[in-house]
Amino acid sequence: MTSQKKIVIIGAGISGLTTAYLLNNEGYDVVVLEQKDGVGGSIETISENGFLFDRGPNSGLETTPLIQQLVKELNLEDQFVYANREGNKRYILKNGQLHALPMSPPLFFKTKLFSGKAKLRLLAEPFVGRSKDGYYQSIAEFVTRRLGKEFLDYAINPFVAGVYAGRPEELSVKSAFPKLYALEEEYGGLIIGTIRSIRKRKNSKEVSKQSAKMFSFRDGMKVLPEAIVNKLGNRISTGAEVTSVRSTAEGNYGVTFRDGKQNLTLLADVVLSTVPAYRASELFGHFDEALAKHLNEIYYPPVLVLYLVYERSAVGQSLDGFGFLIPEKEEKSFLGAIWSSVIFPNRSDRTRAAFTLFIGGSRDAGFVDDVEQMVIDRARREFELIMKISAEPVLISKRLWPKAIPQYNLGYVEHENFFDHFEKANKGIILSGNYRGGISVGDCIKNAELIANKIKNII
Ligand SMILES: Cc1cc2nc3c(=O)[nH]c(=O)nc-3n(C[C@H](O)[C@H](O)[C@H](O)COP(=O)(O)OP(=O)(O)OC[C@H]3O[C@@H](n4cnc5c(N)ncnc54)[C@H](O)[C@@H]3O)c2cc1C
């Protein structure tokens, strides 16, 4: 028999919904409160003139068996799709030209993306010792030391822009790429560590991000949160903005939220926050001033997502890949582009090609001060030149995320340690969401399982 204690989850993004789903399945009394009228949080899909536009994540990586479990239990087999083979080919822009990222040693030695010197430098990696700086290292420091500056500039810099919309000089290697950091810590190097950890992983069900398959849904990423909501039924309230969380004399928590024009309060034994850090600070900061400080220090840069559709015949570049990323050194006004209709079905009809461009991030957060139309025109012109496009788009759509993705910047370990300490000191409050344990959809799903188990242990 499960406990009848009440669990209130704040936020119906993928973190909150997956945790609610797992707990609800086991008979726990769960309620989800979401401020918006819709669910999914950063996951947003819209259909415009017959084109499917994922305005947040375009795909996820299947790093945990829980994703297949969800697909089966939610009857989403017909909707679930893996990226097609082209999805494995990624391009990097160098001197105005797209170069395929080499995915095998022979291709690596052939590529023009790196100079001969950079290739030789990479071979020296096994002989580079551990850093004395411990966890206080940026990705840029870590990669330059182990793999050389050119590899940082033309592989890691664009990759980090693609994942975090971030900059390697600012992100903490231990917090943003814990597996990479662990390879050096545990095995003394990346090449030797990768070989040994592949052997180790064969014995577990975990899949590394490099080998995980990329997935989405025929009708876009929103399919997953919406299917979870259908299962949760009246366990979820939308249009319910949580305005305060207070401890009660009885030792539990009063969670107050707006319901239309009135305020309602639910009593909870466990309150799980999955809202962004700056919102969590408003709700939980009064429990501990230091918590508010840690949460407010987490930086979320703005990102403008631009969706462009063209007649396929007007695109001169051969469309045989996932898209391309742009190194900061190339000084372009956008971070990269996903060739959306190439990798997943249903994004456009065969005569058209749909692309998703990302502008801003930590690299260029100042774009929000420019006139938006100018920002869009600039990115469009550069994109059309790179892609050899000779016509006007048939559709332009956009979505501005003023605070897009939390940056696991240098010193993040202090935040992570403090959150652990806070939860121990305030039993029944759990802080989760994409600023803890990884920002990707796959990581959020994986963490939801950990959080559900944590809640079961304290209830
Ligand atoms: C533009 C963009 C592109 C991305 N691309 C990818 C990608 O391709 N692949 C990938 O794996 N990841 C990607 N990500 C990251 C990933 O989408 C997110 O990290 C993840 O979806 C976050 O889920 P979450 O549930 O933790 O938080 P959120 O999705 O932010 O959900 C939090 C929810 O809390 C609600 N909320 C906030 N305050 C309150 C309140 N006071 N009361 C009630 N509810 C409240 C919000 O409305 C929201 O619904 C992308 C993110 C963005 C923004």
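Summary of the structure given here. (Residues numbered from 1 in each chain as written. Predicted model: local features only at pLDDT ≥ 70, side-chain atom pairs only at ≥ 80, totals over all residues. Heavy atoms only, no water.)

### A closer look at the overall build of the chain
Regarding its fold elements, the chain presents 16 helices and 20 strands. Relative to a compact globule of 459 residues, whose C-alpha radius of gyration would be 23 Å, the chain shows 23 Å and is just as compact. Taken across its 459 residues, the chain has 55% of its residues classed as buried. Counting only contacts in the chain whose residues sit at least 6 apart along the sequence, the fraction spanning at least 24 positions is 71%. Here the chain displays about 20900 Å² of accessible surface, and carbon together with sulfur accounts for 51% of that area. (Helix = DSSP H or I, 4+ residues; strand = E, 2+ residues; numbered from the N terminus. Rg over C-alpha atoms; globule rule 2.2 N^0.38 Å. Buried < 20%, exposed > 50% of the residue type's maximum accessible area, 1.4 Å probe, protein only. Contact = heavy atoms within 4.5 Å. Areas by Shrake-Rupley, 256 points an atom, 1.4 Å probe, with all protein chains shown as cover.)

### Considerations on the site of the ligand
Lining the immediate environment of the ligand, one finds 35 residues, of which S15, E34, S42, I439 and V441 sit closest. Within the contact set of the ligand, a nitrogen atom lies 3.0 Å away from a backbone nitrogen or oxygen of V242. For the ligand, an oxygen atom lies 2.5 Å from a polar atom in the backbone of I439. Coverage of the ligand by the protein amounts to 92% of the 1000 Å² it exposes when considered alone. The set of elements that each furnish at least two residues to the shell around the ligand consists of α1 (14-25) and α16 (441-458). Among the residues making up the shell around the ligand, the classes are represented as 16 nonpolar, 14 polar and 5 charged. (Near = heavy atom within 4 Å. Polar contact = N/O pair within 3.5 Å; in protein donor to acceptor, adjacent residues only side chain to side chain. Nonpolar A, V, L, I, M, F, W, Y, C, P; charged D, E, K, R; others polar.)

### Remarks on the sheet that holds strand β2 (residues 29-33)
One open sheet accounts for 5 strands, arranged β10-β2-β1-β14-β20; its pairing is parallel. The sheet is open, and its two borders are formed by β10 (236-237) and β20 (429-431), each paired with just one other strand. When strand β1 (residues 6-10) meets β2, the two strands line up parallel, connected through 5 bridges. Looking at the pairing, I9 lines up with V32 of β2. (Pairing = 2+ DSSP bridges.)

### Some remarks on the pattern of salt bridges
Going through the model one piece at a time under the given rule, you end up with 28 salt bridges. Its salt-bridge partner being R167, residue E169 comes within 3.5 Å of it at the nearest N-O pair. The network of salt bridges with common partners includes E125, R145, R146 and E184. (Salt bridge = Lys/Arg side-chain N within 4 Å of Asp/Glu carboxyl O.)

### Observations regarding a nonpolar patch on the surface
Nonpolar side chains collect at one region of the surface, where F109, L120 and L123 lie side by side and expose about 320 Å² of accessible area between them. The exposure class of L120 is exposed, given its relative accessible area of 60%. (Patch = residues over 30% accessible without salt bridge, like charges linked within 9 Å, V, L, I, M, F, W, Y side chains within 5 Å.)

### Re the sheet that holds strand β13 (residues 262-268)
As summarised here, the arrangement of the 3 strands in space is β11-β12-β13, forming an open sheet in which the pairing is antiparallel. Edge positions in the sheet fall to β11 (242-247) and β13, since each of these pairs with one other strand and no more. Adjacent strand axes in the sheet meet at a mean angle of 20 degrees when their direction is disregarded. Where β11 meets strand β12 (residues 253-259), 5 bridges bridge the pair, whose relative direction is antiparallel. Among the inter-strand pairings, R246 is bridged to a residue of β12, identified as G254. (Axes fitted to C-alpha atoms, helices over the stretch in contact; angles between N-to-C directions.)

### Things to note about the packing of aromatic side chains
One pass over the structure, following the stated rule, counts 24 aromatic pairs. Ring geometry for F80 versus F215: centroids 5.5 Å apart, planes at 20 degrees, classification stacked. Placement of F80 in strand β6 (residues 80-82) and of F215 in strand β9 (residues 214-217) is noted, with a sequence separation of 135 residues between them. The class for F80 is buried, based on a relative accessible area of 11%. We classify F215 as buried; its relative accessible area is 0%. On the basis of an interplanar angle of 70 degrees and a centroid distance of 5.7 Å, the ring pair of Y164 and F177 is categorised as edge-to-face. A residue pair is termed long-range when its members are at least 10 positions apart, and Y164 in helix α6 (residues 149-164) and F177 in the loop between α7 (173-176) and α8 (178-187) qualify at 13 residues. Each member of the pair Y164 and F177 is classed as buried. Feature note: the residues Y91, Y310, F324, F334, W339, F355 and F383 constitute an aromatic cluster, connected by ring pairs. Sitting above the plane of the Y154 ring, K94 keeps its charged end 4.8 Å from the centroid. Over the ring of Y278 we find K403, and its NZ or CZ is 4.5 Å from the ring centre. (Phe/Tyr/Trp six-rings, centres within 6.5 Å; stacked < 30°, edge-to-face > 60°. Lys NZ or Arg CZ within 6 Å of the ring centre and 35° of its normal.)

### Considerations on the packing of helix α12 (residues 289-296) against helix α15 (residues 412-425)
At a minimum axis separation of 10 Å, α12 and α15 run at an interaxial angle of 145 degrees. You can see that α12 and α15 cross each other, and the crossing is left-handed. Each of A290, L291, H294 and L295 in α12 lies in contact with α15, whose residues at this interface are E414, H415, F418, F419 and F422. Here the contact of α12 with α15 is composed, by residue class, of 6 nonpolar, 2 polar and 1 charged. (Left-handed = near helix turned anticlockwise from the far one by under 90°.)

### Here's the deal with the side chain of S432
Residue position: S432 is located in the loop between β20 and α16. If we ignore the near neighbours within four places in the chain, the residues touching S432 are L272, S273, T274, V275 and I451.

### Re the nonpolar core
By size, the foremost hydrophobic cluster in this structure holds 57 residues, and its most contacted members are I139, V245, F284 and Y435. For this core, the leading source of residues is α6, giving 7 residues. With 40 residues, the next largest nonpolar core counts A20, L22, L70 and A227 among its residues. (Core = buried A, V, L, I, M, F, W, Y, C linked by side-chain atoms within 4.5 Å.)

### Here's the deal with the environment of K209
Relative to the elements of secondary structure, K209 occurs in the loop between α9 (190-201) and β9. Remark: the alpha-carbon pair of K209 and E331, spanning 122 residues in sequence, is separated by 28 Å. Residue contacts for K209: discarding those within four places in its chain leaves L61, T63, S440 and D443.

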